[in-house]
Amino acid sequence: MKKLLALVLALVMSMSLVTISNAAFKDADKISNKEAVDVMAAVGVLAGYDNGEFGAKDELTRGQAAKIIAYLDLGGKTADAIKGSGTVFTDVKATSWYAGYVEYCAGAGYVAGVGGGKFDPDAKVTGVQFAKMLLCALGYKSDVEGYTGADYTISVARDANKNELFNALSIVTSANLTREQAAQMAFNALKATVVEYQGGTNVSTSDGTKVTVNATRNNVALDASKDYRDADQDGYQQLCEKLYGGSKGLKRIKNSVANDDFGRPADYKWTYDGKDVYTAYKAATFTYTADTSAKDMLKDLKGYKLSNGTKITTEAQISSIAALTDNGKLVEVYFNSDNKLDTNVSADGVVEVTYTLAKVTSVKTNKDGDVTYKFDNVSGTFVDYADDDLKDDTVKLAGTVAKNDYVTVYKTAGNVAYVYPTTKVVGTQSAYNTQKSTLTIGATTYKYGTGVAQTAAFNGTNYPNTDKDANYFLDQFGFVVKATEV
């Protein structure tokens, strides 16, 4: 019975796909290819399950793949308008949610049945199979490029690599593809150039395979003013320009993109229909979350340059940066492409974030499903809205928190609270070192979060029950920020 219920549940989930923005996916923390999933979900090519999850690690099915390709070939509105007849494959009924997509892709020659008049819509799709489908959506013709016959994978791999369809992936192309890997490949295809053919003669080989010879393949030209990028335009039509062109279409913008709430500089962002979809922020060259001496920091920064171009060779040159670091405080150091401290980030090329220890004093949910949080030590109320399309959340939770939990909070200038749950360790304090700000709980030594606001001053003896078990709370970086009696 359990096995039967599991099969029924899997069938229901595969059949009932609905469009959900990535911000609302309940399993968003399990998605590795976030940029690809965000963009593909925004334009409607990929959807989540009706249980609110995306299912990043679930394997892509043939039915799901057909929908993706139909969307990429026709656009969502046209693809959704196709009605399945239920007469092409015996296992694809007209009432199946994937019927129209499957029959379109089969008719276009992008997919084929598995024999016996069947399509097998729940079978899994490999990387090379999906790559062939994507190439067809880009305009490549199977009979011209050799995507047929026993050795079709060689030709597909050749053109897939040329179009960078496997970028940002480390996969075995003969293995089954996960949904997030499919999202990445489809996202890569959006940035690939569309092709078209002129001429060609249809012939049949000795084994009966039909091919086209002497056809000329060309990139489709595009007016540069309609390019999806605001820089590095190439004059050719990419798939996203074919499907989502226009002033409110899918755009990748590099100029004048705002920093994030922590002050990190943006590299570029994607917008769709005029709304922000995904923003990529530049990665810090070096990140510190603990008190770091200038001597130790010099091991990282030596050879880089100050903003005036002077090479860093001594501790004195970076002592002011080292002085910013502390246990539980986030300090990020940015250098530009010339290896100089990046003053576009800040005057000293540094992003500083100080967190505050707080207790959750209130968690209330209204009739609309909006959840309001309050914290001691942090002024204001912060809301996690049920419908993120209507309002932007003013609380960003890095995990589940409940009333009376201890958390660390970073409150932005725009009154948005970033909240991080603490981890509780229960044990007896067996030793401490005031000079090193360390506590030994049982057999494990922890450092104290001296850089976290609102923590009690560390002196090694300010905890209750020092000869008995106590609750010790660790921040997101592993520093002790609070202790209470058991």
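This report concerns the structure included in the present document. Treat the numbers as computed from the prediction; the structure is a model and nothing was measured.

About the thresholds
Starting from 1, residues in each chain are numbered consecutively following that chain's sequence as written. This being a predicted model, a pLDDT of at least 70 is required before a residue's local features are given, and a value of 80 or more before pairs of side-chain atoms are given or counted; all residues contribute to the totals for chains, interfaces and linings. Side-chain measures were taken over the full set of non-hydrogen atoms in the model, leaving aside hydrogen atoms and water. The rule is short: rings of Phe, Tyr and Trp, with Trp giving its six-membered ring, pair when the centres are within 6.5 Å, and they are stacked under 30 degrees, edge-to-face over 60, tilted in between. Strands are runs of DSSP state E lasting at least 2 residues, helices are runs of H or I lasting at least 4, and numbering of each runs from the N terminus. Throughout, exposure labels follow a simple rule: accessible area from a 1.4 Å probe, protein chains only, divided by the maximum for the residue type, with under 20% read as buried, over 50% as exposed, and the rest as partly exposed. We call a pair of cysteine sulfur atoms a disulfide when they lie within 2.5 Å. Strands qualify as paired when DSSP identifies two bridges or more between them. Every angle, taken between N-to-C directions, lies between 0 and 180 degrees, and every axis is a line fitted to C-alpha atoms, over only the stretch in contact when it is a helix. A side-chain nitrogen of Lys or Arg and a carboxyl oxygen of Asp or Glu constitute a salt bridge if their distance falls within 4 Å.

All told, the structure shown has 20 aromatic pairs when counted by the stated rule. Residues Tyr228 and Trp270 carry aromatic rings whose centres are separated by 5.8 Å and whose planes lie at 5° to one another, so their mutual orientation is stacked. Of this pair, Tyr228 sits in the loop between strand 6 (216–219) and helix 10 (239–244) while Trp270 is found in strand 8 (residues 266–272), placing the two residues 42 residues apart along the sequence. For the residue pair Tyr228 and Trp270, the accessibility class agrees, reading buried in each case. Ring centres of Phe286 and Phe335 lie 6.5 Å apart, and the angle between their planes is 85°; this geometry places the pair in the edge-to-face category. Highlighted residues: Phe286 in strand 10 (residues 286–288) and Phe335 in the loop between strand 11 (330–333) and strand 12 (350–353), separated in sequence by 49 residues. A residue is classified by how much of its surface remains accessible, and Phe286, at 17% relative accessible area, is buried.

On to the state of the cysteines. As enumerated under the stated definition, the model contains 0 disulfides in all. The cysteine Cys136 is free of any disulfide, with Cys105 supplying the nearest cysteine sulfur at 9.1 Å. Cys136 gets classed as buried once you look at its relative accessible area, which sits at 4%.

With mixed pairing, 6 strands are arranged side by side in an open sheet as 15-14-13-17-18-16. With one partner strand each, in any of the chains shown, strand 15 (378–384) and strand 16 (395–397) form the two edges of the open sheet. Pairs of neighbouring strands in the sheet enclose a mean axial angle of 35°, with direction left out of account. Sheet topology places strand 16 next to strand 18 (residues 417–421); 3 bridges connect them, and they run parallel.

Going through the model one piece at a time under the given rule, you end up with 14 salt bridges. The salt bridge partner of Lys57 is Glu180, with a shortest N-O separation of 3.1 Å. Taken together, the positions of Lys57 in the loop between strand 2 (48–49) and helix 3 (62–74) and Glu180 in helix 9 (residues 179–190) put the pair 123 residues apart, joining distant regions of the chain. Residue Lys329 is joined to Glu352 by a salt bridge in which the shortest nitrogen-to-oxygen separation is 3.2 Å. Of the two residues, Lys329 sits in the loop between helix 12 (319–322) and strand 11 while Glu352 sits in strand 12, which places them 23 residues apart along the sequence. According to the relative accessible area criterion, Glu352 is partly exposed, its value standing at 38%.

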